[in-house]
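So you can see what is in the structure, the chains are spelled out below.
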Protein chains: 2
Amino acid sequence: MESISELRRDIVSGAWVVIATGRGKRPHDFLKQGRQGFKQSKLTCPFERPESPPLLSYDNDGRTTENNWWVQVVPNKYPAFGKGICAVFKAAGPYEWAEGVGFHELVISRDHARPFGLMTDREAELVLRAYQARYLTLKDDSCVEYVSIFHNHGRLAGATIVHPHSQIIAIPVVPPDIARSLRGSADYTQKHGSCVHCVILKYETKEKVRIVYENDRFAVVAPYASRTAFEMRIYPKRHGAYFEIITDTDRLLLANALRTSLAKLANGLKNPDFNFFIHTAPTGESHQFDHYHWHIEIMPKTAIWAGFEIGTGIEISTIAPEAAAEFLRDVVAK
Amino acid sequence: MESISELRRDIVSGAWVVIATGRGKRPHDFLKQGRQGFKQSKLTCPFERPESPPLLSYDNDGRTTENNWWVQVVPNKYPAFGKGICAVFKAAGPYEWAEGVGFHELVISRDHARPFGLMTDREAELVLRAYQARYLTLKDDSCVEYVSIFHNHGRLAGATIVHPHSQIIAIPVVPPDIARSLRGSADYTQKHGSCVHCVILKYETKEKVRIVYENDRFAVVAPYASRTAFEMRIYPKRHGAYFEIITDTDRLLLANALRTSLAKLANGLKNPDFNFFIHTAPTGESHQFDHYHWHIEIMPKTAIWAGFEIGTGIEISTIAPEAAAEFLRDVVAK
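All values derive from a computational prediction rather than experimental measurement.

**Q** Tell me about the overall build of chain A, and name the residues and values.
**A** A count of helices and strands for chain A gives 6 helices and 15 strands. Taken over the C-alpha trace, chain A has a radius of gyration of 20 Å; the compact-globule value for 334 residues is 20 Å, and the two agree within 12%. Counting every position in chain A, which comprises 334 residues, the buried fraction comes to 53%. Put simply, of all contacts in chain A between residues at least 6 apart along the chain, 70% involve residues at least 24 apart.

Written out as structure tokens, the structure reads:
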């Protein structure tokens, strides 16, 4: 009897996932998940002429500009975190709380209908340059413990405005998922004397079955314990804990890897909704997180989290990452 | 300046959530989230006459029956876990995996268009009785480490069949979210000498601001660190780690608390989609989890998990649980 599914463990976070290959989905079965009818007129788009004075504005040569902007960063008008004195943790009966002190910014690229997958490498690099510049500014705020940079594409991924934009949220705590991965990474390094992500990367670039794309400095992998169908992770090939110190050369190659991955996703699966986010070490001057290996995670919205996933934290994926990688490898990235 | 949000910590799981009250949503703003157009004909419904011979079948007096069934349990035709020899954990390069060995069953109630919120207490009790009976059978399988019982209501909650049904999945590992809560519960008991959920319950039933409903044996609470808007937890007032040893009296009062909570949700917010699941101690004969306090969590689908939530594990809720509880307390439960 063929087995119905596999339980796979994420060796960094410790999480289990289920690869339910017995349910027998193939890449083309995911096509119907395409993003339908998420259109908004350019004429009324709030991101065509952002109202707030920008925190940063580059033209398409990467020069600071007031007019011909290609990428702008503005404060979010409806922030989840706001300015204040540094968070003070207080008790409320048996509970613990703090004010939501931090920053919430939007990174907006110029073209209303041209997401990452349709940009050139040079254009995508300017967006990453804006991420890096704001990261470097926000990390200097002494209240900030972690800076989360993420991108929502499509309604199912939580985007309410169609015009391509990313978000930067700077917060006064290290998020639980990051803390867990940091612990997993630290434990592995202590036990094996090497970075867990470097070990994964070495194994994957040799095995090749889960590699989606590679350039000189970055590898795009369908993770062994994928949390969603067609999940991808972009790893720098050289060890490093801190996204924010990426060099100019590497940033352009990261743009190439990110743009290529998203183009493959859009072309191969008819523009599905997705989120991507950067996982990097917390801010701060100590070297305690040097063992970490920063990377980008791309999570397509190919399924709904139901009671089992929400109640257990175990995600069920209906396509094996090996099949997803094989499919995505062959999709032309424009 | 009023604060934009609050960071609140779940003292059991250690997770942080954001209560973004600064975004200023009120209970009625959630009405538009109502479940639209999820209808399927009774004539073609696969649950009107389940094909598989039932694993269990009760009539509406709770007697085992072959014909006039009110609740039936059948094997899932598309299981995520299947029978096999006990899971053996194997290495694959640096990774770890096991076959997905376990059980996946469906608990189907008779009426095509009558979900929990529209049942009587007696009818809801029969569904809970089926949960308990199957739990007791499945826990005796020596491969089974955890039994997850959950219910998906509506498309956004992951239901693909409209006919009300719950699912039981028995798996060979303790899920990460359960493991985390068990650790949090054990740590609290060791540090403070009392059950963390008993402390919460005592505080909440005294404060009353987050209480939605109470009967003699159960309290329904909007959790202080709610993960979603209008989240509810149903706690047995008396300490106990094991759902499966619930008495007949308590089961009827649990049915009353669950049915009432779901009726309030449906009536107050125009039938939103939701998941609920039971959190209980892992199976096994040892008493190592006696510190735990089993409960039911009800999670309405009032928002989409976007890049921030997926990338950090921090959920942003746009209504305070105090406001949600106040609203739900006043909604008539039929």
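**Q** Quick one: what's the story with the pairing of strand 11 (residues 218-221) of chain B, residue by residue and with numbers?
**A** Residues and elements named next belong to chain B. Burial along strand 11 is two-sided: the face carrying F218 and V220 and the face carrying A219 and V221 are both buried. Strand direction decides the pairing type here: strand 10 (residues 211-214) and strand 11, joined by 3 bridges, are antiparallel. If you follow E214 over to strand 11, its bridge partner there is A219. The sheet contact formed by strand 11 and strand 12 (residues 232-236) spans 4 bridges and is antiparallel. The residue bridging V220 from the neighbouring strand is I234, located in strand 12.

**Q** With reference to specific residues and values, describe the relation of the copies chain B and chain A.
**A** The two copies are related by a screw operation: chain B maps onto chain A through 180° of rotation and 0.0 Å of translation along the axis, at an RMSD of 0.0 Å. Each copy turns onto its partner about a two-fold axis. Closest to the rotation axis within chain B is the C-alpha of W305(B), separated from it by 4.7 Å. Take the interface residues of chain B: 98% of them recur as interface residues in chain A, which is what a same-surface contact looks like.

**Q** Account for the interface of chain B and chain A, with residues named and values stated.
**A** Reports often express the size of an interface as the amount of accessible area lost when the parts come together. At the interface, 64 residues of chain B touch 63 residues of chain A. For the side of chain B that touches chain A, the class distribution of residues is 38 nonpolar, 18 polar and 8 charged. Pairing analysis gives 4 bridges linking strand 6 (residues 95-99) of chain A to strand 1 (residues 6-9) of chain B, with the strands arranged antiparallel. Residue A98(A) lies in a different strand from strand 1 of chain B, and its bridge partner there is L7(B).

**Q** For the packing of helix 1 (residues 121-138) of chain A against helix 4 (residues 248-269) of chain A, give the residues involved together with the corresponding values.
**A** All names here are of chain A. Contact pair helix 1 / helix 4: the axes reach a minimum separation of 8 Å and the direction vectors enclose 115°. In terms of their interaxial angle, helix 1 and helix 4 are classed as roughly perpendicular. Taken as a pair, helix 1 and helix 4 cross one another with a handedness that is right-handed. Residue-level contacts link D121, A124, E125, L128, R129 and Q132 of helix 1 to R251, L252, L254, A255, N256, L258 and R259 of helix 4. A breakdown of the residues in the contact of helix 1 with helix 4 according to their chemical character gives 6 nonpolar, 2 polar and 5 charged.

Rules and cut-offs
Residues numbered from 1 in each chain as written. Chains lettered and ligands numbered in written order. Predicted model: local features only at pLDDT ≥ 70, side-chain atom pairs only at ≥ 80, totals over all residues. Helix = DSSP H or I, 4+ residues; strand = E, 2+ residues; numbered from the N terminus. Rg over C-alpha atoms; globule rule 2.2 N^0.38 Å. Buried ≥ 20, exposed ≤ 12 C-beta atoms within 10 Å, placed from the backbone. Contact = placed C-beta atoms within 7 Å. Pairing = 2+ DSSP bridges. Least-squares fit on C-alpha atoms with pLDDT ≥ 70 in both. Nonpolar A, V, L, I, M, F, W, Y, C, P; charged D, E, K, R; others polar. Axes fitted to C-alpha atoms, helices over the stretch in contact; angles between N-to-C directions. Parallel < 35°, antiparallel > 145°, perpendicular 65-115°, else oblique. Left-handed = near helix turned anticlockwise from the far one by under 90°.

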